[in-house]
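Inside the fold
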Amino acid sequence: MKSYQIDGRMKDPEIIRAAVEKVCKSKRKKHGKPTGRYKKARRILAQLDKYAARTLEIVLDTEAQSKAERDGETITPGTFPLAFEPAKVKTFVRRCECSGKVRTISCVPIYPDQIIHQLMVMTASPSLMRGMYQFSCGSIPKRGTHKGKKKIERYIGKCTKVDRSGIKYVAQLDIKKCYDNIAHKNLKDRLRKKFRGYLFLQFCELVISAYGKENESGEKIGLPIGLCTSPWFCNFTLTPIDFFLLQEKKVGCLVRYVDDMVFFGRNKKELHQTVRDVMEAVKSAGCTIKENWQVYRFAYRHKASGEIRGRALDVLGFRFFRRKTIMRKRNALGISRAARRIKKKKMVPVEQARSFMSKIGCLKHCDSKRFYEKNIKPFVNIKKLKEAISYESRKQYRACPV
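Report on the accompanying structure. This structure is a prediction, so every number in the text was calculated from the model and none was measured. (Residues numbered from 1 in each chain as written. Predicted model: local features only at pLDDT ≥ 70, side-chain atom pairs only at ≥ 80, totals over all residues. Heavy atoms only, no water.)

Some details on the packing of helix α5 (residues 110-130) against helix α10 (residues 229-248)
Describing two packed helices takes the angle between their axes plus the distance from one axis to the other. Heads up, the rule is: Think of each axis as a best-fit line through the C-alpha atoms, taken over the contacting stretch in the case of a helix, with angles from 0 to 180 degrees between the N-to-C directions. Numbering of helices and strands runs from the N terminus, with a helix taken as a DSSP run of H or I at least four residues long and a strand as a DSSP run of E at least two residues long. Convention used here: angles under 35 degrees read as roughly parallel, angles over 145 as roughly antiparallel, angles from 65 to 115 as roughly perpendicular, and any remaining angle as oblique. Left-handed describes a crossing whose near helix is turned anticlockwise from the far helix through less than a right angle; right-handed describes the clockwise counterpart. The contact rule is simple, with two residues in contact once any of their heavy atoms fall within 4.5 Å. Note on residue classes: Ala, Val, Leu, Ile, Met, Phe, Trp, Tyr, Cys and Pro are nonpolar, Asp, Glu, Lys and Arg are charged, and everything else, Gly too, is polar.
Relative orientation of the contacting elements α5 and α10 amounts to 25°, with a least axis distance of 10 Å. Between α5 and α10, the angle is such that the two are roughly parallel. The chirality of how α5 crosses α10 is left-handed. Where α5 abuts α10, its residues H117, M120, V121, S125, L128 and M129 lie against T229, W232, F233 and F236. Residue classes in the contact of α5 with α10 are distributed as 7 nonpolar, 3 polar and no charged.

With respect to empty space enclosed by the protein
So the rule is basically this: A cavity here means a set of points on a 1 Å grid, drawn over the protein atoms and nothing else, where a 1.4 Å probe fits but cannot get out; a pocket is an open set with protein on both sides within 12 Å along at least five of seven lines, and a residue lines either one if it has an atom within 4 Å of a point. Grid points are joined across faces, edges and corners, and a volume is the space filled by probe spheres set on the points.
Summed over all chains, the structure comprises 2 cavities of 30 Å³ or more. As a volume, the largest cavity reaches approximately 70 Å³. Lining the largest cavity are M120, V121, A124, S125, L128, F200, C204, T229, W232 and F233. Of all elements in the fold, only α5, α9 (199-210) and α10 reach the threshold of two or more residues within the lining of the largest cavity. Top contributing element to the lining of the largest cavity by residue count: α5, with 5 residues. The class makeup of the residues in the lining of the largest cavity is 8 nonpolar, 2 polar and no charged. One number sums up the size of the second largest cavity: a volume of about 40 Å³. Lining the second largest cavity are V207, I208, Y211, L223, P224, L227, T229, S230 and F233. Those elements that provide at least two residues to the lining of the second largest cavity are α9 and α10. Counting residues per element, the lining of the second largest cavity draws most heavily on α10, at 3 residues.

Comments concerning the layout of surface pockets
By volume, the second largest pocket is sized at about 820 Å³. Lining the second largest pocket are 24 residues, and of these K27, R37, F92, R94 and Q114 lie nearest its centre. At the level of secondary structure, the elements contributing two or more residues to the lining of the second largest pocket comprise α2 (13-25), α3 (36-46), β2 (90-95), β3 (102-107) and α5. In the lining of the second largest pocket, the residues fall into 8 nonpolar, 8 polar and 8 charged.

Description of the packing of aromatic side chains
Each aromatic ring pair is characterised by the separation of its centres together with the angle its planes make. Short version of the rule: In summary, the pairing rule links any two rings of Phe, Tyr or Trp, Trp by its six-membered ring, whose centres are within 6.5 Å, and it sorts them by plane angle into stacked for under 30 degrees, edge-to-face for over 60 and tilted for everything else. Here's how the labels work: a residue is buried when its accessible area is under 20% of the maximum for its type, exposed when over 50%, partly exposed in between, all with a 1.4 Å probe on protein chains only. Ring-over charges, as used throughout, are those where CZ of Arg or NZ of Lys falls within 6 Å of the ring centre and within 35 degrees of the ring normal.
All told, the structure shown has 8 aromatic pairs when counted by the stated rule. Taken together, a centroid distance of 6.0 Å and an interplanar angle of 65° make the contact between Y133 and F135 edge-to-face. According to the relative accessible area criterion, F135 is buried, its value standing at 7%. The structure contains a cluster of three or more aromatic residues connected by ring pairs, namely Y133, F135 and F243. Seen from the ring of F318, K149 lies directly overhead, with NZ or CZ sitting 5.5 Å from the centre. The side chain of K324 reaches across the aromatic face of F321, ending 5.1 Å from its centre.

A short note on the pairing of strand β10 (residues 260-265)
Inclusion rule: The rule for pairing is simple: two strands pair if DSSP sees at least two bridges between them.
In terms of burial, β10 is a largely internal element, 5 of the 6 residues being buried. The sheet contact formed by strand β5 (residues 169-174) and β10 spans 6 bridges and is antiparallel. Its bridge partner being in β10, V170 is matched across the sheet by F264. Bridging between strand β9 (residues 252-257) and β10 involves 4 bridges; their strand directions are antiparallel. Bridging from a neighbouring strand, V255 pairs with V262 of β10. Remark: 2 residues form the turn of the hairpin made by β9 and β10, two consecutive strands paired antiparallel; V258 in that turn has positive phi of roughly 55°.

Notes on the sheet that holds β10
Reading across from one edge, β4-β9-β10-β5-β11 is the order of the 5 strands in this open sheet, with mixed pairing throughout. With partners counted over all chains shown, the strands left at the sheet margins are β4 (136-137) and β11 (294-297), one partner each. Bridging between β4 and β9 involves 2 bridges; their strand directions are parallel. Across the sheet, C137 pairs through a bridge with Y257, a residue of β9. In this fold helix α6 (residues 145-162) packs onto β4, β9 and β10, with an angle of close to 165° to the strand it touches most, β9. Each of β5, β10 and β11 touches helix α11 (residues 268-282); the most contacted strand, β5, lies at about 15° to it.

Structural notes on α6
Put simply, the rule reads: In this analysis, the expected span of each helix is defined as 1.5 Å times one less than the number of residues it contains.
The end-to-end C-alpha distance of α6 is 26 Å, a good match for the 26 Å that 18 residues give at a rise of 1.5 Å each. As for α6, its buried residues are in contact with β4, β9, β10, β14 (313-315), β15 (318-320) and β16 (325-327).

Points about unusual backbone geometry
Keep in mind that most residues, glycine aside, have a negative phi and that most peptide bonds are trans. Y111 connects to P112 through a cis peptide bond whose omega is 0°. We note that C253 has phi near 55°; this positive angle belongs to a residue other than glycine. Tracing the backbone through its elements, the reader meets C253 in strand β9. Looking at C253, the relative accessible area reads 5%, which means it is buried.

Written out as structure tokens, the structure reads:
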């Protein structure tokens, strides 16, 4: 594994300023009303140079404290007053609109915690992405669901024309509560191999150790959902699993979306053995595979009867067949119901219009013309919704302080 020295970037005033700006600009109003975090972010942006200088002082004090600890010096309270100490995490429960899953979301103060987390991500992300599998999607810039979708469609189309046996069987795996079970020791050991120096690793040590719980063996595990560092640490932890499947098991068309994995194969018994090997491989990271993993025959048309047999691949919010891609049934049902709710209203709130437009964004990425003609066009005037959203956006932009 190639290692990188990025401590100098952590102290770069331009990167620190960009991190402060990015965190504060990401705070939005809620239902058109300014929240406490939004107001705090506006105050920081109004004094951007001051807070960037303070953040640099925190980084330098943390570096000095880390050096003193390594040299065995006695550190009295108040010797390094600005050294970074992670704030106590606050949590709230949120139900996911698409899947209905209940998540415990963690949050920390904007200054200094969120800014320090963003600085770590901006500093380390170029190095982390160099060794990452290109179709490891989710929580990575420019690697969303559509990147994985295009990879699967290209593979299915290519194998259909050249060698049909390449997509005969498909395996689907899901890691059980991935964030909650990532082992701190394994993650820290891999970070020490990836990065040289002490400053960045010191921040990683502080952030990782501040959150988590102990498992039955007494080892600390878990990353909090909601912090911008957690998705990067998670993908970094699971990267060896990607290359184990690609290089040792030589599976076809591996796509991993955070903790969901999909790959194809010619032989059902070999895929079952591959799944068992993956189960052993993820144990080093402290994780386990869910019991509902599947290996099944991919959808195909029977020559004699002409019927579609086997099963379509249901992943990334889409259902993949050999010659078409459609929406997941649950998503289609949600869009249909939302369209009918809009039909009943004389005036549609802008927030509801924005929510509906975001939901139907997936229609242009799949074979959904008949669905649109039947379930959306008779109930919703898309042009009027766009005009309302555009008008509201212009109004907010004019009211935004310069």
